[in-house]
Amino acid sequence: MDSLITAAARALAAGDPLGALNRVALRDDAPALALRGIAMAQLGDLVRAKALLRSAARAFGPREAVARARCVVAEAEIALVSRDLTWPAKALDAARATLEAHGDRVNAAHARYLEVRRLLLIGRLDQAEHLLADLDPTPFPPALRTAHELVVAGIAMRRLRTETARAALTRAEDAARRAGIPGLTAEVESAARILATPAARLMARGMERPLLLEEVEALQTTSVLVVDACRHVVRNAGTVVSLARRPVLFALARALAEAWPGDVPRGTLVARAFRAKHADESHRARLRVEVGRLRATLRTLAGVSATKRGFVLVPRHAGEIVVLARPVEEPHAAVLAFLADGESWSSSALALALGASQRTVQRALDALAAADKVQSFGRGRARRWMTPPVPGFTTTLLLPAPLPGD
Amino acid sequence: MKRSAAEILREYGPFPGVDRVHGVTYDGQNVWFAAGDTLNALDPESGKTLRTIDVAAHAGTAFDGQHLFQIAEDRIQKIDPETGRVLTTIPAPGGGGDSGLAWAEGTLWVGVYRDRKIHQVDPETGAILRTIETSRFVTGVTWVDGELWHGTWEGDESDLRHIDPRTGEVLERLEMPLGVGVSGLESDGHDQFFCGDGSRSKVRAVRRPKRASTGSSR
């Protein structure tokens, strides 16, 4: 390795990206490009960082497969941090295989975690869990160990296993402290705060109260029929009916559940489900059709009976019906729920995560922006969205060393 | 060209506080190795580190019989081994791309890593006297018995090469095990080379192939 690269790499390792840049700013050979890329990433210029790492990967020679693979992994990490979830996962996997074949197990594992975190972010929990199962974190250095436990906690929280999440977060905290990276400790702390912050609102018999994640978990084991407005499902004792892609049916179910044990007038149902101010005959006819559909869909969980003025929900097995809602409800709550992670998202990444069309997401973002509830930066395809105030990019970029050897 | 596997005689290290070794030289008694912020004197008999000089040490190291020369960033420092003081500096010929350093015939020999070059340099001014082109990335450089040797390190592959100093033609290769990167090279003037490991806290002694008749010392 040459002298200035060594000096720059040492500066970078000591947390001095400007010192590193000073030494290699004018050099365009492969290791210099890689170091500049990583320094720029640490300084927060992710667009420039990505371009530099890409040219570094191209500039490394045919015998420098490991160095090139590390550049690919670093580029993937930047893509993940900037929520560019459409990044080609194949290139990352090929880089991981190269690193593994050359005995660079730590960076190979790092690549694997990036893959798992991407799956977690786009809500592919099964796949994320499957990949995670193959990784034994015991031999990993503390920073990677922290990443492992954070992913375990992330999956557990989304699966409503608070006990598992809490244990993983305790281990993550310990590993982050040993790693001595303040950004990692902060990330663990902010993950832990989720467990102490109301995760949902319970609406039952006209009363409302906030619920912690573990209370939400506890609710699953009771015999209560839950109309879950966070996930758009209806659930009772292990039976789950998803209405995520049937917004009209969900709106009806929710309106009926909120009023339970009372009934809901037809006019109210029409207003809630069709957003119509006045119910005319065509609305009433449509309501009958939709209630029929709801009845068929919920068949095993509840019946929908007609009353004199409207309809009422009748649970089949449960003694109680409740609604689980987001802590603060506003339009486009689903979009906000993703942005609430404090990271910046592209509208295409949001569309991917939400399973919605990009046009729908874009309309939601425009509406939220008009209400000052989200903000964007960048232009065109590079445009990113986040919730104000800007928390800045996560500092947990661990970026593999670009140098040959190790 | 003769090709053979390098015979590693002994491994030194890991050394506390040292991540990688960037350059090595030999003063007739001790092996000196560059470790980023320090130059360290190693007793090759006992394997103990005897002294440490606090000086920037990012690449090649050399000894002229009196002074140590050490590449740091884009210059070559001339160091008094007794006091550890930097006496003078000259610009490094590779502008910071420099890796290996050797002293011979009253001049300095500097390997430039990715340029695949070895420059002969005036130790007073830093002026380039001549340049040898090689075929691989150059790390350490050393002279022994009139033979010019250099280390290569390209990706996972490393070896020690005996080259013709006029043409750059490779005469002999000692291949290091896969994944062992040579970042510094020095001979003990006899039958051993000392190699720094550019990715670990290690110094290795490698056997120099026997000659039918030993020439005069350097």
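Positions within a chain are numbered from 1, following the residues in the order the chain's sequence is written. Working convention: letters from A go to chains and numbers from 1 go to ligands, in the order in which they are written. Only residues with pLDDT of 70 or above have their local features reported here, since the model is predicted, and side-chain atom pairs are shown and tallied only from 80 upward, although totals for entire chains, interfaces and linings are computed over all residues. Water and hydrogen atoms were dropped before computing side-chain values, which therefore reflect all heavy atoms in the structure.

(A) Main features of the overall build of chain B. Each helix and strand in chain B was counted, giving zero helices and 21 strands. In terms of overall size, chain B behaves like a compact globule, its C-alpha atoms giving a radius of gyration of 15 Å where 218 residues would be expected to give roughly 17 Å. Each principal axis of the C-alpha distribution contributes one length, and for chain B these read about 45 × 40 × 35 Å. In chain B, which comprises 218 residues, the share counted as buried stands at 61%. For chain B, long-range pairs separated by at least 24 residues make up 44% of all intrachain contacts whose partners lie at least 6 apart in sequence. The Shrake-Rupley method, run with a 1.4 Å probe sphere, supplies the accessible areas, and residue values consider only the shown protein chains as cover. Total accessible area on chain B stands at roughly 8,700 Å², and carbon and sulfur atoms take up 44% of it. Put simply, chain B has 25 plus and 33 minus side-chain charges, and the middle of one group is 4 Å from the middle of the other. Under the scheme used here, helices are H or I runs from DSSP no shorter than 4 residues and strands are E runs no shorter than 2 residues, and both carry numbers assigned from the N terminus. Between the two quantities, the radius of gyration covers C-alpha atoms and the globule rule is 2.2 Å times the number of residues to the power 0.38. Note on classification: 1.4 Å probe, protein chains only; a residue is buried when its accessible area is under 20% of the maximum for its type, exposed when over 50%, partly exposed between these limits. Residue contacts follow a heavy-atom distance rule, with two residues in contact if any of their heavy atoms lie within 4.5 Å. The convention is simple: Lys and Arg are positive, Asp and Glu are negative, and His and the chain ends are not counted. The atom standing in for a charge is NZ when the residue is Lys, CZ when it is Arg, CG when it is Asp and CD when it is Glu.

(B) Spatial organisation of the sheet that holds strand β5 (residues 36-42) of chain B. Residue and element names in this part refer to chain B. When DSSP locates at least two bridges between a pair of strands, those strands are taken to pair. In spatial order, the strands read β3-β4-β5-β6; together these four strands make up an open sheet with antiparallel pairing. Each edge of the sheet is formed by a strand with only one pairing partner; in this case those strands are β3 (23-26) and β6 (49-57). Across the sheet, the mean angle separating the axes of adjacent strands is 20 degrees when strand polarity is ignored. Note: β3 against strand β4 (residues 31-34), four bridges, orientation antiparallel. Note on β4: the bridge partner recorded for G23 is A34. What counts as an axis is a line fitted to C-alpha atoms, over the stretch in contact for a helix, and the angles between N-to-C directions run from 0 to 180 degrees.

(C) Geometry of the confidence of the model for chain A. As a per-residue measure, pLDDT reflects the predictor's confidence and takes values from 0 up to 100. Taken as a whole, chain A shows an average pLDDT of 86; of its residues, 94% reach a score of 70 or greater. pLDDT under 50 marks residues 389-395 of chain A. Its contacts with residues more than four places away, or in other chains, come to 14 contacts.

(D) Representation of the packing of helix α2 (residues 17-24) of chain A against helix α3 (residues 30-43) of chain A in the model. Residue and element names in this part refer to chain A. Here α2 crosses α3 at 150 degrees, and the two axes come no closer than 9 Å. The angle between α2 and α3 falls in the class roughly antiparallel. Read as a crossing pair, α2 and α3 show a hand that is left-handed. Taken together, the residues of α3 that come into contact with α2 (itself represented by P17, L18, L21 and V24) are A32, L35, R36, A39, M40, Q42 and L43. For the contact of α2 with α3, the class distribution of residues is nine nonpolar, one polar and one charged. Should an angle fall under 35 degrees it is called roughly parallel, over 145 degrees roughly antiparallel, and 65 to 115 degrees roughly perpendicular, with every other angle called oblique. Take the far helix as the reference: if the near one is turned anticlockwise from it by less than a right angle, the crossing is left-handed, and if turned clockwise, right-handed. Residues were grouped as follows: Ala, Val, Leu, Ile, Met, Phe, Trp, Tyr, Cys and Pro as nonpolar; Asp, Glu, Lys and Arg as charged; and all remaining residues, including Gly, as polar.

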